[in-house]
Amino acid sequence: MAWTKKILRVNLTSGSITEEPLNMEWANDYLGQRGLATRYLVDEIDPATDALGPDNKLIMTTGPLTGTVASTGGRYSVVCKSPLTNAVACSNSGGFFGAEMKFAGLDMIIFEGKASSPMYLNIEDDKAELLSADALWGKSVWEADKIMRTTHSDPQARIACVGRSAEEGNLYAAIVNDLHRAAGRSGVGTVMASKNLKAVIIRGTKGLGNLRDPKAFLSAANAGKKVLAENAVTGQGLPAYGTQVLMNVINEVGALPTRNMKETQFEGASNVGGEAMLEPRKSDGKPNLTTNGACFSCTIACGRISTIDRTHFSVKDKPEYWINSGGLEYEAAWALGPDTGVDDIDALTYANFLCNEDGMDPISFGSTLAAAMELYETGAITKDQTGGMELKFGSAEALCWAAEVTAKGEGFGKDLGLGSKRLCEKYGKPELSMTVKGQEFPAYDPRGIQGIGLAYATSNRGACHLRGYTIASEILGIPEKTDPLDAAGKPGLVKAFQDATSAVDSAGLCVFTTFAWTMDDIAPQVDAACDGNWTTEKMMEVGERIWNMEREFNSKAGLTGADDTLPKRLLTEAANAGPAQGKVNELDKMLPEYYQLRGWTADGTVTSETHQKFGLPG
Amino acid sequence: MKITFKLFATLGDLLPANAVRNIASIDIEPDASLNDIIDRYQVPRELAHLVLINGVFVCDTDRDQKGQLKEGDVLAIWPPVAGG
Ligand code: SF4
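What you see is a predicted model; the values in this text were computed from it and never measured.

This paragraph deals with unusual backbone geometry. All names here are of chain A. Omega for the peptide link from isoleucine 478 to proline 479 comes to -5°, which places this bond in the cis form. Positive phi, normally seen in glycine, also occurs at threonine 72, with a value near 70°. Inspection of the secondary structure assignment puts threonine 72 in the loop between β3 (58-62) and β4 (76-81). Of the residues examined, threonine 72 reaches a relative accessible area of 3% and is grouped as buried. Of note, the phi angle at serine 153 is positive, near 30°, even though the residue is not glycine. Here serine 153 lies in the loop between α4 (141-152) and β9 (158-161). When its relative accessible area of 62% is taken as the criterion, serine 153 is described as exposed.

So, in structure tokens, the structure goes:
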């Protein structure tokens, strides 16, 4: 099987590092990665515990296909309790770090306790040691990466690291691996820093040969790759334009949240979308996009590698940013752009570089800045707080400045590091926070796309598009087109997407494969890799089990059905333009049916029948 | 009559010379169907995946209907695309 069957348990309080076998019974019920690590979390922590206290645990976890030649088989996730939402957190990342964990012989690393001074974990195959991070603390991810590479003289090591934002307590800090891939959402980086853990550096040379049926696996993986290559989205669209192709689509359908979701279309969208990234600029004739890039084993290669115009005000005196680095993905571009009203692609790229350099979730950062801009507009925040900066919607200067101070946790950057919910509460206008369960929205307005509103409201990690990407159906026609303005039928659609995604996230694969793959393409790859008779039906059942387990974790953490809601703005202030003009999100029409389909009570509690049906823990 | 015509992603090169970025103003017969316009600009029909009039999707079985467009409408077309 594609399991190394080995977990590393690192107790940061005592400094002990022990190996233990992977619980294979749980692997059969929860597959891997998101599902399996959450099963461990449920077993090992009290959901009511302080997310930033030593009793929270942080789990780096792989799936059965991580490190294999299955396309996109390089993913890992970070699971813990979130300080941003107080709900379960699971953030998924690509790059090469996850595969390297496998090559060092590890399925999972569980961090517990808290070190008395900054440490990092060094793994070289079977050797694992905690080393002092005194020389790394206070450094950005990029600087720390350089220092560790020099110290260990290993250019091929893979590094996951937190930046200064996490050290300063920013509540949406990310863990960045391979310099510009991130376990981005829900503040998993904040939890890592709260344990005085700066980084994990891994070098594995063992390879991965333990597949259940190697011949069947290669044939299933090859069949999967053929499907991806022949599909227009995964074979052509994503490599050429990346996720950023959506900017103009979502603006056209009138669901591009603009200026803290006050509006639903952005006049500057075409300046910051995927097409604009390919336009030669005046100064040097080069486009923003240098090339696309791929994570480990990925045959899609949606990643963006970009440069900033050297004559742009943000970098003209900073040659250290005249580099090729991780460029704008749609979510980041939206949060840094339309949501703040800024349409300067170089300013957006600079802010995005800073999010990577110091490990901040660009969605939460951009959305929080957008809320701050509205607070500034209403007079609740003034230049007294910002130290003189005019925090106006549309100001590229304000965006670049805000990214700099938030990345380092300086001055007003501390306030921006609180996230939108706590910031708006602090300044007396909680209604201006565009969040669910304390997590900021992604790039789709639920007034123009009804189903995604239900997906946001019920997401187990707070507002998130990746927990049930109904945009595929409602806007993009994958697998079938549904009407984005009609709430009918959406509860079933949301549930199906949520369950399927839970399974994909637990396999070690990238969810972008599902633009071409159905579960019938995925199950044979999982089944050939590991024991357990993984059929499409079993994958869906496991997905649903995971969803219910996460829900029960959140209930025990104190969340209820009352948290399954959207900000008042989206329920009462109608869209101002485009096809959704005059519409609000009809959550009240969808939620009761959704609870029913889930087998939950009318107030959103998992019933004992559902609990038993899935054999849930506790 | 005049409408605004937008072609995005890989289809952008098929726009007429007066286009600015992905947008052109074009003259059409009042009873032109969407497929008439799609064919006139040599957009391969299988690549006319997302077809929107004023932001509202028109499914491929309705694209031969005459008279769906009125003066000043926006017709926007994408090949199969996705993101996240
Ligand atoms: S599709 Fe994109 S994000 Fe997913 S694994 Fe491939 S390059 Fe990484």
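All names here are of chain A. In total, this model carries 51 salt bridges over all chains according to the counting rule given. Among the salt bridges present, the one from lysine 57 reaches glutamate 112, with a minimum N-O distance of 2.8 Å. Note that lysine 57 is positioned in the loop between α2 (33-44) and β3 and glutamate 112 in strand β6 (residues 108-112), a separation of 55 residues in sequence. The exposure class of glutamate 112 is buried, given its relative accessible area of 13%. Salt bridges linked by common partners bring Arg9, Glu20, Glu44, Lys57 and Glu112 together as one network.

Residues and elements named next belong to chain A. Thr72, Arg75, Arg181, Gly293, Ala294, Cys295, Cys298, Ile300, Ala301, Cys302, Cys510 and Phe512 make up every residue found near the ligand. A breakdown of the residues in the shell around the ligand according to their chemical character gives 8 nonpolar, 2 polar and 2 charged. Two domains each provide a minimum of three residues to the shell around the ligand, namely domain 1 (6-203) and domain 2 (258-433).

Moving on, we get to the domain arrangement of chain A. Residue and element names in this part refer to chain A. Structurally, chain A comprises domain 1 (6-203), domain 2 (258-433) and domain 3 (445-613). Using C-alpha coordinates to define each centre, domain 1 is positioned 26 Å away from domain 3. When domain 1 packs against domain 3, close to 2,900 Å² is buried across both sides, 63% of that on carbon and sulfur atoms. For domain 1, the biggest contributors to the area lost against domain 3 are Leu31, Arg34 and Leu65; these three give 26% of the whole. At the surface where domain 1 touches domain 3, the tally comes to 2 salt bridges. A salt bridge links aspartate 505 to arginine 34; its shortest N-O distance comes to 2.8 Å. Here domain 1 is connected to domain 3 by 15 residue pairs in polar contact (both at pLDDT 80 or more). Contributions of two or more residues to the side of domain 1 that touches domain 3 are made by α1 (24-30), α2, β4 and β5 (88-93). Per-element accounting of the side of domain 1 that touches domain 3 gives the leading share, 7 residues, to α2. Considered class by class, the residues forming the side of domain 1 that touches domain 3 number 14 nonpolar, 17 polar and 6 charged.

This next bit is on the packing of helix α7 (residues 214-230) of chain A against helix α20 (residues 519-529) of chain A. Residue and element names in this part refer to chain A. Interaxial distance between α7 and α20 falls to 8 Å at its minimum, and their mutual angle equals 155°. Between α7 and α20, the angle is such that the two are roughly antiparallel. Here α7 and α20 pass one another in a crossing that is left-handed. Residue-level contacts link Ala216, Phe217, Ala220, Ala221, Gly224 and Val227 of α7 to Asp521, Pro524, Gln525, Ala528 and Ala529 of α20. Classifying every residue of the contact of α7 with α20 gives 8 nonpolar, 2 polar and 1 charged.

Facing the 21 residues of chain B at the interface are 29 residues of chain A. Counting each side, the surface lost to burial between chain B and chain A is near 2,000 Å², with a carbon and sulfur contribution of 63%. When residues of chain B are sorted by the area they lose upon contact with chain A, Arg21, Ala82 and Gly84 of chain B head the list and together hold 32% of the total. There are 2 salt bridges connecting chain B and chain A. One can count 9 residue pairs in polar contact (both at pLDDT 80 or more) joining chain B with chain A. Looking at the side of chain B that touches chain A, the elements with two or more residues in it are β3 (50-53), β4 (56-57) and β5 (74-78) of chain B. With 3 residues, β5 of chain B is the single largest residue contributor to the side of chain B that touches chain A. Taken together, the residues of the side of chain B that touches chain A break down into 12 nonpolar, 7 polar and 2 charged.

Under the counting rule described, the total for this entry stands at 0 disulfides over all chains. Looking at cysteine 464 of chain A, it has no disulfide partner, and the nearest cysteine sulfur is the one in cysteine 90 of chain A, 9.8 Å off.

This part covers the sheet that holds strand β2 (residues 23-27) of chain B. All names here are of chain B. Strand order across the open sheet formed by 5 strands is β2-β1-β5-β3-β4, with mixed pairing between neighbours. For this open sheet the edge positions go to β2 and β4, each flanked by a neighbour on one side alone. One ladder, built from 4 bridges, connects β3 with β5; its direction is antiparallel. Directly across from leucine 50, in β5, lies its bridge partner tryptophan 78.

What follows is about helix α14 (residues 396-408) of chain A. Residue and element names in this part refer to chain A. In this model α14 runs 19 Å from its N-terminal to its C-terminal C-alpha over 13 residues, within 8% of the 18 Å that 1.5 Å per residue would give. Burial runs high along α14: 10 of the 13 residues are buried. All of the buried residues in α14 are Ala396, Ala398, Leu399, Cys400, Trp401, Ala402, Ala403, Val405, Thr406 and Ala407. For α14, the elements touching its buried residues are α5 (164-167), α10 (330-336), α11 (345-357), α12 (362-378), α13 (383-386) and α15 (412-416).

We now examine the environment of alanine 9 of chain B. Inspection of the secondary structure assignment puts alanine 9 of chain B in the loop between β1 (2-7) and β2. Through-space distance from the C-alpha of alanine 9 of chain B to that of serine 33 of chain B is 23 Å; in sequence the pair is 24 residues apart. Setting aside residues no more than four positions away along its own chain, alanine 9 of chain B makes contact with Tyr241, Val245 and Glu275 of chain A together with Asn22, Pro79 and Val81 of chain B.

We now examine the packing of aromatic side chains. Residues and elements named next belong to chain A. All chains considered together, the criterion is met by 17 aromatic pairs over all chains. Each ring, one from tryptophan 142 and one from phenylalanine 353, has its centre 6.3 Å from the other, and the planes form 65°; the classification is edge-to-face. Highlighted residues: tryptophan 142 in helix α4 and phenylalanine 353 in helix α11, separated in sequence by 211 residues. Of the two residues, tryptophan 142 and phenylalanine 353, both sit in the buried class. Ring-pair connections join several aromatic residues into one group, and the members of that group are Tyr330, Tyr444, Tyr469, Phe512 and Phe515. Positioned above the aromatic ring of tyrosine 30 is the side chain of arginine 545, whose terminal nitrogen or guanidinium carbon lies 6.0 Å from the ring centre.

How each quantity is defined
- Residues numbered from 1 in each chain as written.
- Chains lettered and ligands numbered in written order.
- Predicted model: local features only at pLDDT ≥ 70, side-chain atom pairs only at ≥ 80, totals over all residues.
- Heavy atoms only, no water.
- Helix = DSSP H or I, 4+ residues; strand = E, 2+ residues; numbered from the N terminus.
- Buried < 20%, exposed > 50% of the residue type's maximum accessible area, 1.4 Å probe, protein only.
- Salt bridge = Lys/Arg side-chain N within 4 Å of Asp/Glu carboxyl O.
- Near = heavy atom within 4 Å.
- Nonpolar A, V, L, I, M, F, W, Y, C, P; charged D, E, K, R; others polar.
- Domains from an automatic or database assignment.
- Buried area = accessible area lost by both parts, 1.4 Å probe.
- Polar contact = N/O pair within 3.5 Å; in protein donor to acceptor, adjacent residues only side chain to side chain.
- Axes fitted to C-alpha atoms, helices over the stretch in contact; angles between N-to-C directions.
- Parallel < 35°, antiparallel > 145°, perpendicular 65-115°, else oblique.
- Left-handed = near helix turned anticlockwise from the far one by under 90°.
- Contact = heavy atoms within 4.5 Å.
- Disulfide = S-S within 2.5 Å.
- Pairing = 2+ DSSP bridges.
- Expected span 1.5 Å × (residues − 1).
- Phe/Tyr/Trp six-rings, centres within 6.5 Å; stacked < 30°, edge-to-face > 60°.
- Lys NZ or Arg CZ within 6 Å of the ring centre and 35° of its normal.

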